Structure formats: structure tokens, C-alpha cells
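The lines below spell out each chain.
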Amino acid sequence: MKFFAQAKQSIQHGRRQVLALAMSCALLAAGCATPRMNPVDANAYWSGRMAIQVLKDPPESLSAGFELQGSAEAGEMVLLSPIGTTLARLEWTPQGARLAQGQQQVESTSLQKLGARLTGTELPIAALFEWLAGRTAEAPGWQVDLSAHAQGRISAERREPSPGAVLRIALDR
């Protein structure tokens, strides 16, 4: 019980502590199987690795495997540890979004806010789905590089608003 009380306190102190706690929980639960999502449509499912760096002082970063299914309107993203256990699950519909990390669940009407809570920065969700499909899409403040999309690589950088952010994605092929 003491572990869960400390976990709750860590979550209240910031995303960085949440990620460290989630990684610890993942290692403790390594013997548990992690169910995989079943894609509805091959064009609406991606998996791979992502790295996000928020250019603060000091910088914050997140690196994890991911599975993403659906669309900007309704979908699910699962972040995975290197050994395949679930670190976090973000689900959304037009009515709202839910973020689950370990025993903690947070609901919101804003996917952007929960995404920022998870990653440390607001990501351009609608544009992200287009980028993953290899199509350019405008996202205020973001510049995307799709030149290596055929090799499963996407990079994007946000300069405005501050703090900046760098997103790198390596898709499974």
C-alpha cells in the first residue's frame, strides 16, 4: 500500500515523476502479458517507437514504443516499455478522452490536455495522423520532415509557442 501512496504523490509532482513511476511499475509487472490492439483497418493503425523532447530548462524527454489506432476524432494510443508492458493508454472519442497509467485514470473533454499530460507537450493530433500516413498537414508552430517516411521515419519540430519540442517517430515496417 505504501508504494501506491508514493505513486499518487509522484503523479501530483509532475510528468517526469509519472514516467519514472510507470517505468518502475512496468518492470515490476514484466511477467504480465500485455494485450495488443487489433487494428480495425491497416491504414488506421501504426506502431513503432517515438521520442519527444520538450526544450525546457532542463529538457524533458519521453521515449517509448507505441501503438496508435483510429483517427484524430476517435482512437487509442498505447505507450509501451522496451519489454512490451503497457506504460500508458490514451483513448478518445468526440465526447472526451481518458488517460490510464497504472492504477491512475484521468478523464477530460480535451484530448490535447491529456496528451500534453502524457508527453509533456501538446501534439498536433490531427496533423500527426496525416504525417503517419505520409501526407503533409499544417500544424501551427510545427515543421514536419517526411523525407524519410518511406523508410518509416518522421521528425517534426515545434518552435512556437515556447517551449519548443522535437518529435521523432520510427515506424515498424
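Quick note: structure is the one above.
The present account deals with the structure reproduced in this document. Everything numeric here is computed off the predicted structure, so don't read it as measured data.

Counting across every chain of the model gives five salt bridges. A salt bridge links E76 to R89, with the shortest nitrogen-to-oxygen separation between them at 2.8 Å. Of the two residues, E76 sits in strand 3 (residues 75–80) while R89 sits in strand 4 (residues 86–93), which places them 13 residues apart along the sequence. On the accessibility criterion, R89 (22% relative accessible area) is partly exposed. The partner of R98 in a salt bridge is E91, with the nearest N and O atoms 2.2 Å apart. Relative accessible area serves as the criterion here: at 23%, E91 is assigned to the partly exposed category.

With five of its six residues buried, strand 5 (residues 96–101) lies for the most part within the structure. Between strand 4 and strand 5, which pair antiparallel and follow one another directly, the connecting turn spans two residues.

What follows covers the packing of aromatic side chains. Scanning all chains against the criterion turns up three aromatic pairs. Here W46 and F129 contribute two aromatic rings whose centre-to-centre distance is 5.7 Å and whose plane-to-plane angle is 70 degrees, an arrangement assigned as edge-to-face. Of the two residues, W46 is situated in strand 1 (residues 45–54) and F129 in helix 4 (residues 125–132); the sequence distance between them amounts to 83 residues. As far as the burial class goes, W46 and F129 line up, both buried. Connected via pairs of aromatic rings, a cluster forms that spans W46, W92 and F129.

What the nine strands build is an open sheet, ordered 6-5-4-3-2-1-9-8-7; its pairing is antiparallel. Each edge of the open sheet is held by one strand with a lone partner, namely strand 6 (104–108) and strand 7 (142–145). Strand-to-strand twist of the sheet, defined as the mean angle between neighbouring strand axes without regard to direction, takes the value 20 degrees. Here strand 3 runs beside strand 4; their pairing, made up of six bridges, is antiparallel. Looking at the pairing, L80 lines up with T86 of strand 4. Along the sheet face, helix 3 (residues 111–119) touches strand 1, strand 2 (60–70), strand 3, strand 4, strand 5 and strand 6 and points at about 20 degrees away from the line of strand 5.

Thresholds, definitions, all that
Residues numbered from 1 in each chain as written. Predicted model: local features only at pLDDT ≥ 70, side-chain atom pairs only at ≥ 80, totals over all residues. Heavy atoms only, no water. Salt bridge = Lys/Arg side-chain N within 4 Å of Asp/Glu carboxyl O. Helix = DSSP H or I, 4+ residues; strand = E, 2+ residues; numbered from the N terminus. Buried < 20%, exposed > 50% of the residue type's maximum accessible area, 1.4 Å probe, protein only. Pairing = 2+ DSSP bridges. Phe/Tyr/Trp six-rings, centres within 6.5 Å; stacked < 30°, edge-to-face > 60°. Axes fitted to C-alpha atoms, helices over the stretch in contact; angles between N-to-C directions. Contact = heavy atoms within 4.5 Å.

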